[in-house]
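Residue-level structure breakdown
Each chain, written out:
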Amino acid sequence: MKIAICDDEKSARDILLQMLREYPDSFSCLDAYESGEAFLKTHKNYDLLFLDIDMKGMDGIETARKIRLKDKKLKIVYVTAYREYAGKAFSVHAFGYLLKPVKKEKLFIQIEDAKSYREEEKQEEEPLEFVTTEGRVLLMPGDIYYFEFWNRKIKICTKDGQMEMRGKISNIREKMLEYGFAAPHKSFVVNMEQVKNIRGYEILLMNGEQIPLSQKQAVGFKETLSKYLADRKEV
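Each value, and the rule that gives it
- Residues numbered from 1 in each chain as written.
- Predicted model: local features only at pLDDT ≥ 70, side-chain atom pairs only at ≥ 80, totals over all residues.
- Heavy atoms only, no water.
- Phe/Tyr/Trp six-rings, centres within 6.5 Å; stacked < 30°, edge-to-face > 60°.
- Helix = DSSP H or I, 4+ residues; strand = E, 2+ residues; numbered from the N terminus.
- Buried < 20%, exposed > 50% of the residue type's maximum accessible area, 1.4 Å probe, protein only.
- Lys NZ or Arg CZ within 6 Å of the ring centre and 35° of its normal.
- Pairing = 2+ DSSP bridges.
- Axes fitted to C-alpha atoms, helices over the stretch in contact; angles between N-to-C directions.
- Contact = heavy atoms within 4.5 Å.
- Core = buried A, V, L, I, M, F, W, Y, C linked by side-chain atoms within 4.5 Å.
- Salt bridge = Lys/Arg side-chain N within 4 Å of Asp/Glu carboxyl O.
- Arc of directions from axis to C-beta.
- Polar contact = N/O pair within 3.5 Å; in protein donor to acceptor, adjacent residues only side chain to side chain.

This next bit is on the packing of aromatic side chains. Using the criterion set out here, one finds nine aromatic pairs in the structure. Taken together, a centroid distance of 6.2 Å and an interplanar angle of 85° make the contact between tyrosine 33 and tyrosine 46 edge-to-face. Of this pair, tyrosine 33 sits in strand β2 (residues 29-33) while tyrosine 46 sits in the loop between α2 (36-41) and β3 (48-52), and the two are 13 residues apart along the sequence. Both residues of the pair, tyrosine 33 and tyrosine 46, count as buried. Taken together, a centroid distance of 5.2 Å and an interplanar angle of 90° make the contact between phenylalanine 95 and tyrosine 117 edge-to-face. On the criterion of sequence distance, the pair formed by phenylalanine 95 in the loop between α4 (86-91) and β5 (96-99) and tyrosine 117 in helix α5 (residues 104-124) is long-range, its members being 22 residues apart. Three or more aromatic residues joined by ring pairs make a cluster, and in this case those are Tyr23, Phe27 and Phe108. Over the aromatic face of phenylalanine 130 sits the side chain of lysine 175, whose NZ or CZ is 4.1 Å from the ring centroid.

And the structure:
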C-alpha cells in the first residue's frame, strides 16, 4: 500500500509518520509533503493520502479538488484541528476525517478501511493477459498508460515499468476499447484515464510522458475523450 502525508506543519507530519511506522504491516511507499503545491507536482500514484485542511498557500480543500481532476481513486483522509471543516471535506469525496491530535487507534482504523475497499476494488476489476517477450503477464487496465507500436514490436508502458510484445496495434486498439482506451495516433493506444492535458498535437500523461496526437486523429480523439470524461462525471 502506498501512503502519503500532506501537512504544512513539520511536527504534525513527523507525528503521523511515526505512528504509521508503528503500523503492524509495512507499506510499499510512505512519503510526506509540506504543501498542496508540492504534492500536486509529484507523478507518484498513492492509495491513501492524509491531507491537512488548514495549510498555507493552497489549502486542503483546493488541493483535493485539483487531485480529483486527475485521480478519482485516491482515498483522501482529512486531518484537521477544526471539526467544522467536515462538511467541506466530504464535498470533495473524502474517504475519512481525523481530528487533531490524531489517535493512533483511529488512524489504524482508517488504514484498515482503505485496505478493505482496495481489495474490493481489485476484485471488481479483472486483470488482462498479455504474452510479452519475457513471458505471460497479467495487468490491470488501470495500470496501463499506453501501448506503442515501435521497432516491429508493441511497447506496453505501465505504472510499474515497460515491457514488449509482438502483435498488431490494431488488435490492441480493438481489445482495449471497452476499457477506456483510444487511438490518438496510428502507432499509439492510450488509456484516457491517464490523459492529463492536450497541447497542440501533444498529449501529456499523468506520469509526465508525452505522446503524439496525429492531425488526422485529433478531432475524433478529442471528441472521444470529452465523452469519456463526461460519462465518468455522471457515474
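Having put the structure on the table, let's press on.
This part covers the sheet that holds strand β1 (residues 2-6). The strands making up a sheet are joined through hydrogen bonds of the backbone, oriented either antiparallel or parallel. Strand order in this open sheet of five strands is β2-β1-β3-β4-β5, and the pairing throughout is parallel. Strands with a single pairing partner mark the edges of an open sheet, and in this sheet they are β2 and β5. Across the sheet, the mean angle separating the axes of adjacent strands is 15° when strand polarity is ignored. With five bridges connecting them, β3 and strand β4 (residues 75-80) associate as parallel partners. Residue pairing in the sheet places leucine 51 in a bridge with tyrosine 78 of β4. In the packing of helix α3 (residues 60-70) onto the sheet, contacts are made with β3 and β4, and the angle to β4 comes to roughly 175°.

Most often, soluble globular proteins keep nonpolar side chains buried together rather than apart. Core analysis: the biggest nonpolar cluster contains 20 residues, and Phe39, Leu49, Leu51, Ile76 and Tyr78 have the highest contact counts within it. Where this core is concerned, the elements lending two or more residues are β1, β2, α2, β3, α3 and β4. Looking at this core element by element, the count peaks at three residues for α3. Setting aside chain neighbours within four positions, we find phenylalanine 39 in contact with Ala4, Cys6, Tyr33, Tyr46, Leu49, Ile67 and Leu74. Judged by nonpolar contacts, the second largest core, of 19 residues, contains Ile3, Leu20, Phe27 and Leu107.

Going through the model one piece at a time under the given rule, you end up with eleven salt bridges. A salt bridge links glutamate 22 to lysine 104; the nearest nitrogen and oxygen atoms lie 2.7 Å apart. Note that glutamate 22 is positioned in the loop between α1 (10-21) and β2 and lysine 104 in helix α5, a separation of 82 residues in sequence. By relative accessible area, which is 31% here, lysine 104 ends up partly exposed.

Moving on to unusual backbone geometry. The omega angle of the peptide bond from lysine 100 to proline 101 is -5°, so this bond is cis rather than trans. Relative to the elements of secondary structure, proline 101 occurs in the loop between β5 and α5. A positive phi angle, close to 55°, is found at asparagine 151, a residue other than glycine. Tracing the sequence through the fold places asparagine 151 in the loop between β8 (144-150) and β9 (153-158).

Now for α3. Buried residues of α3: Gly60, Ile61, Thr63, Ala64, Ile67 and Arg68, and no others. Along the axis of α3, the buried positions cluster into a sector of 155°, meaning they face one direction only. Two to three positions downstream of the cap, the backbone nitrogen of isoleucine 61 sits 3.2 Å from a side-chain oxygen, assigning the N-cap of α3 to aspartate 59.

Another aspect to go through is the side chain of glutamate 148. By the secondary structure assignment, glutamate 148 is in strand β8. Excluding its chain neighbours within four sequence positions, the residues that come into contact with glutamate 148 are Lys153, Ile154, Lys155, Ile169, Ser187 and Phe188.

Here three strands make up an open sheet; going across it, the order is β13-β14-β15 and the pairing antiparallel. Unpaired on one side and paired on the other, β13 (195-199) and β15 (210-212) mark the two borders of the sheet. Pairs of neighbouring strands in the sheet enclose a mean axial angle of 25°, with direction left out of account. Here four bridges tie β13 to strand β14 (residues 202-205), and the two strands are oriented antiparallel to one another. Its bridge partner lying in β14, asparagine 197 is registered against leucine 204.

Honestly, that's just the spatial picture; any functional story needs more than this.
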